[in-house]
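Coordinate inspection notes
If you want the building blocks of each chain, they are given just below.
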There are 2 protein chains.
Amino acid sequence: MSLSAEIIAVGTEILLGEITNTDAVTVARALSALGINAYYQTVVGDNPDRLYDVIMTAKERADIVITTGGLGPTFDDLTKQVAARAFGRKLVLSEQELARIEEYFAARGKKMTENNKAQAYLPEGCTVFENDWGTAPGCAIEQNGKILIMLPGPPRECEPMVEHRMVPYLKKLSDAHFASHSVRIYGMGESEVESKIKSFAETMENPTVAPYAKDGEVMLRVCGRAKTEDEAEKLTVPVIEKIKEIIGDAVYGVDVPSLHEAAFEILKEKKLTLATAESCTGGLVSKLITDIPGSSEVFFGGVCAYTNEMKMKLLGIDSELLEKYGAVSRECAEALSLAACEKFGTDAGIGVTGYADPTTGDDKNPGGTVYVSVTLRGVTASRKIYQPMSRALAKSRAAQEAFDILRREAKKL
Amino acid sequence: MSLSAEIIAVGTEILLGEITNTDAVTVARALSALGINAYYQTVVGDNPDRLYDVIMTAKERADIVITTGGLGPTFDDLTKQVAARAFGRKLVLSEQELARIEEYFAARGKKMTENNKAQAYLPEGCTVFENDWGTAPGCAIEQNGKILIMLPGPPRECEPMVEHRMVPYLKKLSDAHFASHSVRIYGMGESEVESKIKSFAETMENPTVAPYAKDGEVMLRVCGRAKTEDEAEKLTVPVIEKIKEIIGDAVYGVDVPSLHEAAFEILKEKKLTLATAESCTGGLVSKLITDIPGSSEVFFGGVCAYTNEMKMKLLGIDSELLEKYGAVSRECAEALSLAACEKFGTDAGIGVTGYADPTTGDDKNPGGTVYVSVTLRGVTASRKIYQPMSRALAKSRAAQEAFDILRREAKKL
């Protein structure tokens, strides 16, 4: 039988919508990879009574209760007190953790305030999750067959603590083995993907196939379960092949984190170099590429030319072209991708120009119209996009389209 | 007495950590602005029994139950069936909604699949929330003094539906009035801010002052409650003034959404123009600026020079400087910000160079070291940052520091 877990995020700021509960994502992913089922997530405010109730409910229905947040030094951080009470433990001062916190502040030349000390109090007899990324230690308690895990709230502390402390701790407890793969699709809507795979996927129980739509993309998650990792893995192989066959080349990769990373991998593999010339995306395309570790192997740089003058001056775009077709035109996008290659001396260039903001635009090109072009070894391919929802969406969609053209063109070489 | 609400997100993909529950943020913010209390958020999978239980629990403890997700066309979308049952309503076909969905597909030249039709079934007697941004309509039911609201899951549909359908619907129901303001702070840690305001804020009940740490920044939320909006507003004014006095110029704004928008506003107000020359941030700085509507008033463009050759060729950085000090140096950052001004003919220039990736670096500058420089009307100010946690964090911190220098320098003019 596999274990179940429940995630409780503590923080009024989440209930007020002031921060996004990304810790839940971090913890949920880790649990999923361990084959631990999570049926519920809860968010509760910095209120001791409600927090106590939520922990008791979770303890009732799950084997493992995981809290995030409320371990900080401020007066509304109360997870440890409440959770320790729910599990019948006292808080005691850990001299070792106090020393670590003191050291943390000393190393940074920062002043340690009195309330930082409170962070060194932990439930008696717990397993300490040392915090190498901040001040508040996490911990785990085992009591009557139930487990309580407490993690700090700030994502930059929670993330590494999940990876380096919680996962190794939980690995000892799980038995069933899982193999999970994501088939990533761009350029086909969720309904269409669903219709195509319905007859094939609906009745399947192991592996399971589940579609998710996200940021203009569709992902099919294939998850196999077996007694060993190898067996679980083997179950997924023919299913993934079948999906690729049904969906065709809209599948841009399996287990790749994003379209731009898929494009990057092809460029890297084929030793192709890249530069960008962006207008309305304002640096988003180059930002995405440079988010990838090792991007300097492929990426030489980019120009963001937000004004016509800069398009001419920095990228040598022809003033006649701009006059004849306008800066928002397929012709300009194609000139930009070509200019990127030429200016930076790269194999590939991405050019983007358009009206990202839905409140802008002209008669020919309403707001949300963007032209995207890719030049690869002298051959140019371009697309027109119309995404009049929001500035952010038009920018992001334009970047996706650029990377989609790029990965398709680069694959042909 | 003010109303309470509870948000339920439906989707196994959230439990698996495959997507982030951003809808909860959207809904929570809207509720908070309306003065509706939200004490819990829950996430539950695409499982009818567990979803039913969660809805019944929420109905018990809140006046308003709001679901997001599970209205899509695929076989695991079951919110409507389950929620309608929990509120004792049948689902009936809305001919009007069916026509809208048909129209939606026709307008986009896309094929409507059979399962899209299911989206036109709605609880009998509900208020329809028409979906102008996608296919699945939302709705509201009132039953025995309790309200059920169902919203679509995709953020690009949920967001506008909250703003244009749910908020107007709920406005009729609320009575207490709130005024809420965010004092934004950069360059001071949460503990330090907390220590400074503790004696002043801890005992305060109306307005309340609550600190939140987020993305390297601290925010103090000041929230007043009164019989009228004006009265609530008046309560917050002296408290905000007092905070500014205590914290000093680390306060970069009140109710501004971000540091880069605060910097942008000052530039715009003083009619100063901006360009960027980025290395390790790879376009992030220009991306952030161009995320702001109307950024073209201030921003001319930027160069992302990822290689030394491009720094020389495109920005005219001196090869001797690069040889003597290295590309990762204060000298190079300062040359970059100056070059940005010169190349683009702007008042202000931002230059960034460093090792964003913690796995890179050299003897003098370990991974995570970034130099940030701002030139404003010929005067240059720069900072060295050391943020060895992750590539993303180093990039984001560098951009923040750049905007912090910029807003401080621009304020002096």
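Structure report, in brief.

1. Side note on the pairing of strand β13 (residues 274–278) of chain A
Residue and element names in this part refer to chain A. Most of β13 is tucked away, with five of its five residues classed as buried. Side chains Leu274, Thr276 and Glu278 of β13 all project onto a buried face; the interleaved residues Ala275 and Ala277 project onto the opposite face, where all are buried too. What joins β13 to strand β14 (residues 299–305) is helix α10 (residues 284–290), and the crossover it makes is right-handed. Across five bridges, the pairing between β13 and strand β15 (residues 348–354) is parallel. When the bridges of β15 are listed, Thr276 appears paired with Ile350.

2. Re helix α3 (residues 48–61) of chain A
Between its terminal C-alpha atoms α3 of chain A stretches 20 Å, which fits the 20 Å expected from 14 residues at 1.5 Å a residue. Taken together, the buried residues of α3 of chain A touch β1 (4–10), β2 (37–44), β3 (64–68) and α4 (79–86) of chain A together with β2 (37–44) of chain B. Measuring from the side-chain oxygen of the N-cap residue of α3 of chain A to the backbone nitrogen of Asp49 of chain A gives 3.1 Å; that N-cap residue is Asn47 of chain A.

3. Topic: helix α10 (residues 259–269) of chain B
In an α-helix, one full turn covers 3.6 residues, which means residues spaced three or four apart are oriented alike. All names here are of chain B. What α10 keeps buried is the set Leu259, His260, Ala262, Ala263, Phe264, Ile266 and Leu267. Buried residues in α10 make contact with β9 (177–186), β11 (217–226), β12 (251–254), β13 (274–278), α11 (284–290) and α15 (391–412). Once α10 finishes, Lys271 follows within two positions and takes phi at roughly 55°, a positive value.

4. Here we look at the interface of chain A and chain B
With 82 residues of chain A at the contact, the number on the chain B side is 82 residues. Both faces considered, chain A and chain B share a buried interface measuring about 7,000 Å² in area, 57% of it formed by carbon and sulfur atoms. The shortest N-O distance in the salt bridge between Lys395 of chain A and Asp291 of chain B comes to 2.7 Å. Linking chain A with chain B are 38 residue pairs in polar contact (both at pLDDT 80 or more). A per-class count over the side of chain A that touches chain B returns 33 nonpolar, 27 polar and 22 charged. Two elements, β2 of chain A and β2 of chain B, share five bridges in a ladder whose sense is antiparallel. Residue pairing across strands places Val43 of chain A opposite Gln41 of chain B, the latter belonging to β2 of chain B.

5. With respect to the environment of Leu274 of chain B
All names here are of chain B. Its location among the elements puts Leu274 in strand β13. According to the relative accessible area criterion, Leu274 is buried, its value standing at 0%. In sequence terms Leu274 and Lys146 are 128 residues apart; their C-alpha atoms lie 53 Å from each other. Not counting the four nearest positions on each side in its chain, Leu274 is found in contact with Leu267, Ile289, Val298, Phe299, Phe300, Gly301, Thr346, Ala348, Gly349, Ile350 and Leu406.

6. Observations concerning the packing of aromatic side chains
Across all of its chains, the model carries six aromatic pairs over all chains by this definition. Measuring from centroid to centroid gives 5.6 Å for Phe299 of chain A and Tyr306 of chain B, while their planes differ by 65°, and the two rings are edge-to-face. Linking Phe299 of chain A in strand β14 with Tyr306 of chain B in the loop between β14 (299–305) and α12 (308–315), this pair reaches from one chain into another. Comparing Phe299 of chain A with Tyr306 of chain B, the two get one shared label, buried.

The rules behind these values
Residues numbered from 1 in each chain as written. Chains lettered and ligands numbered in written order. Predicted model: local features only at pLDDT ≥ 70, side-chain atom pairs only at ≥ 80, totals over all residues. Heavy atoms only, no water. Buried < 20%, exposed > 50% of the residue type's maximum accessible area, 1.4 Å probe, protein only. Helix = DSSP H or I, 4+ residues; strand = E, 2+ residues; numbered from the N terminus. Right-handed = clockwise from strand over helix to strand, strands pointing away. Pairing = 2+ DSSP bridges. Expected span 1.5 Å × (residues − 1). Contact = heavy atoms within 4.5 Å. Polar contact = N/O pair within 3.5 Å; in protein donor to acceptor, adjacent residues only side chain to side chain. Buried area = accessible area lost by both parts, 1.4 Å probe. Salt bridge = Lys/Arg side-chain N within 4 Å of Asp/Glu carboxyl O. Nonpolar A, V, L, I, M, F, W, Y, C, P; charged D, E, K, R; others polar. Phe/Tyr/Trp six-rings, centres within 6.5 Å; stacked < 30°, edge-to-face > 60°.

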